[in-house]
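Close look at the chain arrangement
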Amino acid sequence: MSLIDKIKYAADYIRNIYSGKIDVAVILGSGLGSLVEYIDNKVVIKYSDIPNFPKSTVKGHAGELIIGDLEGKKVLAMNGRFHYYEGYSMETVTFPVRVMKFLGVEKLIVTNAAGGMNPEFEPADLMIITDHINMIGDNPLIGPNYDELGARFPDMSNAYDKQLIELAKNCAKRLDIDIKEGVYIPVSGPNYETPAELKMLRTIGGDAVGMSTVPEVIVANHMSMKVLGVSCITDMALADELEPLEHSKVVETANRAQKKFVNLVKEVIKEL
Ligand code: HPA
């Protein structure tokens, strides 16, 4: 089956369950799943029931699409994402974003947990992603281009929509959240970085490092969707004072910031 047919098949399955409009989609990163508790009139669809959808393998990531009402908008939330380090191809990692577009979604909010490389950051800070440097070493658009999806050489000058960034900053101000801004660098993982790697990533312009998000952002831009990205800084990834890091600490800090994060995303959705 061609990629287009696979996308159509999955989108048709979802449309048979929910056929209304969707104002915005949200991809929920590690430990940020509690946003779904605020969604009313929920339709919950397990990834495992959607044709051609992969299954989540990481602990702490559920595997469900939730469609419902949040702050006066119809929201599609992806609770649990697919990571390149799980062994999925880039096409698979980004497949859900393709399906979103076929469901009529034009705006996408992506969230993640990330290590803070900017020494002015602190654990549990939120960072609006202003730009990225793709250091995964792969790209979801490699291979034949489907012109019906987007251009062969897509523009990335506004990969993180400037208007959405402004809106998010204003929302943070209103909620009295001390919001940071910066460049997100994704690496493949799954290991955390060595001090020498962090030194390089900071030197080339990164403020935060993580293992996700950018494949989805590239594909969303390929299809002319508008993207807002927000990272939760879960640990300090400083080359000179690096401490041993475990996933449980990342989840713990993400949980600590969860309320603030959820409040911000809700406020942004309200103001869209
Ligand atoms: N490095 C990479 N990915 C991460 C980190 C980190 O320090 N923290 C959370 N995700």
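The rules behind each value
Residues numbered from 1 in each chain as written. Predicted model: local features only at pLDDT ≥ 70, side-chain atom pairs only at ≥ 80, totals over all residues. Heavy atoms only, no water. UniProt positions renumbered as here; feature names shortened; annotations may be inferred. Helix = DSSP H or I, 4+ residues; strand = E, 2+ residues; numbered from the N terminus. Rg over C-alpha atoms; globule rule 2.2 N^0.38 Å. Buried < 20%, exposed > 50% of the residue type's maximum accessible area, 1.4 Å probe, protein only. Contact = heavy atoms within 4.5 Å. Areas by Shrake-Rupley, 256 points an atom, 1.4 Å probe, with all protein chains shown as cover. Lys, Arg positive; Asp, Glu negative; His and termini not counted. Charge placed at Lys NZ, Arg CZ, Asp CG, Glu CD. Near = heavy atom within 4 Å. Polar contact = N/O pair within 3.5 Å; in protein donor to acceptor, adjacent residues only side chain to side chain. 1 Å grid on protein atoms, 1.4 Å probe; cavity = no way out; pocket = protein on both sides within 12 Å on 5 of 7 lines; lining within 4 Å. Sits in = over half its atoms within 2 Å of the grid points. Nonpolar A, V, L, I, M, F, W, Y, C, P; charged D, E, K, R; others polar. Pairing = 2+ DSSP bridges.

In the annotation of an unreviewed UniProt entry, the entry for the protein chain reads Purine nucleoside phosphorylase, and the organism field reads Clostridium tepidiprofundi DSM 19306. Check the Pathway (unreviewed entry) section of the UniProt entry for the protein chain; it says "Purine metabolism; purine nucleoside salvage." Taken directly from UniProt, the Sequence similarities (unreviewed entry) text for the protein chain runs: "Belongs to the PNP/MTAP phosphorylase family."

Moving on, we get to the overall build of the protein chain. Of regular secondary structure, the protein chain possesses six helices and nine strands. Computed over the C-alpha atoms, the radius of gyration of the protein chain is 17 Å, within 12% of the 19 Å expected from 2.2 N^0.38 for a compact globule of 272 residues. Overall size of the protein chain, expressed as C-alpha extent along the three principal axes, is 55 × 40 × 35 Å. Here the protein chain holds 272 residues, and the buried ones make up 54% of them. Taking the intrachain contacts of the protein chain between residues at least 6 apart in sequence as the baseline, contacts between residues at least 24 apart amount to 83%. Of the roughly 11,900 Å² that the protein chain leaves accessible, carbon and sulfur atoms contribute 48%. Here the protein chain contributes 29 positively and 37 negatively charged side chains, and the mean placements of these two sets differ by 5 Å.

All right, on to the environment of I7 then. The topology assignment puts I7 in helix α1 (residues 3-17). Since its relative accessible area comes to 0%, I7 is described here as buried. Each C-alpha atom of the pair I7 and I129 lies 28 Å from the other, and the pair is 122 residues apart in sequence. If near-sequence neighbours (up to four positions away) are discounted, I7 is found in contact with F95, R98, V99, F102 and L149.

All residues in the neighbourhood of the ligand are listed as A113, A114, G115, Y192, E193, V209, G210, M211, T234, D235, L245 and V250. Here a nitrogen atom of the ligand and a side-chain polar atom of E193 are 2.8 Å apart. Contact between the ligand and D235: a nitrogen atom at 2.7 Å from a side-chain N or O atom of the residue. For the ligand, the cavity whose grid points lie within 2 Å of the majority of its atoms is the largest pocket. Going through the elements one at a time, β5 (107-116), β8 (208-210) and β9 (226-236) are the ones with two or more residues in the shell around the ligand. The class makeup of the residues in the shell around the ligand is seven nonpolar, three polar and two charged.

For the rest of this paragraph, the subject is the pairing of strand β6 (residues 126-132). Burial analysis of β6 places five of its seven residues in the buried class, the great majority of the element. Two elements, β6 and β9, share three bridges in a ladder whose sense is antiparallel. Among the inter-strand pairings, L126 is bridged to a residue of β9, identified as C232. Pairing between β6 and strand β7 (residues 180-186): five bridges, direction parallel. Counted as the bridge partner of D131 is V183 from β7.

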